[in-house]
Amino acid sequence: MGKIFFIFSLLMFYLSNAQSQMETIKKGSFIPLYGAVEAVKINTFEMDVYPVTNADYLEFVKKYPKWQKSVVIKLFADKNYLNEWVSDTIYNVSFKPNSPVTNISWYAAKAYCECQNKRLPTIDEWEYVAMANESQIDARKVKSYNDYILSWYEKPKTNVNEIGSTYKNYWGIYDLHGLVWEWTADFNSIMLGGESRGDGGQDSNLFCGSASIGASDLMNYAAFMRYAMRNSLKANNTSKNLGFRCVK
Amino acid sequence: MIKSKFFIIIISFLLLSACHNKKEQATTLASYECPMHCEGDQTYEEPGSCPVCKMDLVLVTDDKPILETSNEISETSIFNLTSDWKTQNNKSIKLKELQGKTLVMVMIYTSCQAACPRLVADMRNIEKQIPVDRLDNIAFVFVSIDPETDTPQKLKAFAKENRMDDNSHIFLQGSLADVREFSNVLSVKYKQISPLDFSHSNIISVFDKNGELVKQQEGLGVDNKAIVSEIIQTSK
């Protein structure tokens, strides 16, 4: 009996600490799809193994009422923030506690990470970890890696799946592809056209120095989609397929 | 459910009572203006005749607040940001301390060679078109997107170089995260492309005295009539 209790409590411990599990990402360098002509150096950091879940986020809003859906101010979140939650501290019955939390604004994601003494990853950090498959640090040229991401883009409602349901990559990180898109700290550094009005080209009057940055490999369609998505976002936006994880 | 209804009632009560406080503390002075508004919103402290059309000046009747010290801010006000900043005089401030002034804000970095000098020139050209008596109600704010390089000392030197080192020009240094957050509020995008160089959008934003965004101008050397008239209107 005691043994069962012990295993049970271990299990509960594991579940409740899912959010605090992190893995070390060793330093390195890579040329991202966008934003650099030369290799970008990444310093060693730690990344959450899983995206932040509904259960994690519920804990957060209980502790910090400022981020509850009826309390949060318009500057920090649009009207769809946590839109399927039935109240400030109850999420939809159809939600699984271990599914990634979505309909979160950038401000909310940033605040969540800061309250855990963590931060949002930069685009470069996120992409650096996300270019790995199960066995290679850089799988961007591997067909199965790209096929996996592209087939995910075609699947609806993957946000209702539970964390850990995709593959564990080289670094021990799950769900960077296959579950939800994720916020990054500097998502608004992508400049594919003018501010919000989308005039298309890289107008040098709109963006000083814009001629020197651009997509280094437009063939990498899967990644290009992520940059285009980031480019289209505003920090108070929330979306059903957009979640986040933290790093430190 | 009952609990949340109760909560809504409490909130609306708070909002209602908040509205009652709005009008207080508006200091007014008697002033006179031309009934034909020959010189726009020009006002005079003493009665007389308009220098342009020679008509008798009339007393300005509406109570124009000279200084708004009400603490009410809305949900979309930039004064909701609680970040700490350093000015070119190495003074620590929060944005809320700028409440009461119309804010004309731009994000630049001092080592910028391409767009920033033109952005600063655009700010100067806007300022030139503002009636002198309005300038007391306006602050021109330059926020550095390169806070690691742009220390208060650097910002001070930049302000002096541009003959902008006075009380109505505020240069701000923040943390990397706070600058990023601020850029999101302004819908300004930027990216570091080399140690001393950034790519960034060129946007000048106008906020009213309660931190509400009222106007944005995008691009360099564009026609600034609209933004100037908005600033004049807002800084009344």
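This section reports on the structure supplied with the text. Predicted model only: the values in this text are computed from it and were never measured.

Some words on the packing of aromatic side chains
Residue and element names in this part refer to chain A. Tallied over the entire structure, the rule returns 28 aromatic pairs over all chains. Relative to Y107, the ring of F76 lies with its centre 5.0 Å away and its plane at 50°, an arrangement referred to as tilted. In this pair, F76 is assigned in the loop between α2 (54-63) and α3 (106-115) and Y107 in helix α3, connecting sequence segments 31 residues apart. For the pair F76 and Y107, a shared accessibility class is recorded, and that class is buried. Each ring, one from Y91 and one from F95, has its centre 6.2 Å from the other, and the planes form 20°; the classification is stacked. Classification of F95 by relative accessible area gives partly exposed; the value is 24%.

Concerning the layout of surface pockets
In this structure, the largest pocket encloses a volume near 1,300 Å³. Lining the largest pocket are 40 residues, with A:T122, A:D124, A:D186, B:K191 and B:Q192 sitting closest to its centre. Elements represented by at least two residues in the lining of the largest pocket include exactly β3 (40-42), α3 and α4 (123-130) of chain A together with α4 (176-186) and β9 (190-194) of chain B. When residues in the lining of the largest pocket are grouped by element, the largest group, five residues, is from β9(B). Looking at the lining of the largest pocket, its residues break down into 20 nonpolar, eight polar and 12 charged.

A short note on the sheet that holds strand β5 (residues 92-94) of chain B
All names here are of chain B. In spatial order, the strands read β5-β4-β8-β7-β6-β11-β12; together these seven strands make up an open sheet with mixed pairing. Looking at strand neighbours, the two that pair on one side only are β5 and β12 (213-218), the edges of this open sheet. Taken over all neighbouring pairs, the strand axes of this sheet differ in orientation by 30° on average, direction set aside. Sheet analysis places strand β6 (residues 102-108) next to strand β11 (residues 203-207), joined by four bridges and oriented antiparallel. Note on β11: the bridge partner recorded for V104 is V206. In the packing of helix α3 (residues 152-161) onto the sheet, contacts are made with β4 (84-87), β6, β7 (138-144) and β8 (169-173), and the angle to β8 comes to roughly 150°.

Thresholds applied
Residues numbered from 1 in each chain as written. Chains lettered and ligands numbered in written order. Predicted model: local features only at pLDDT ≥ 70, side-chain atom pairs only at ≥ 80, totals over all residues. Heavy atoms only, no water. Phe/Tyr/Trp six-rings, centres within 6.5 Å; stacked < 30°, edge-to-face > 60°. Helix = DSSP H or I, 4+ residues; strand = E, 2+ residues; numbered from the N terminus. Buried < 20%, exposed > 50% of the residue type's maximum accessible area, 1.4 Å probe, protein only. 1 Å grid on protein atoms, 1.4 Å probe; cavity = no way out; pocket = protein on both sides within 12 Å on 5 of 7 lines; lining within 4 Å. Points joined across faces, edges and corners; volume = space filled by probe spheres on them. Nonpolar A, V, L, I, M, F, W, Y, C, P; charged D, E, K, R; others polar. Pairing = 2+ DSSP bridges. Axes fitted to C-alpha atoms, helices over the stretch in contact; angles between N-to-C directions. Contact = heavy atoms within 4.5 Å.

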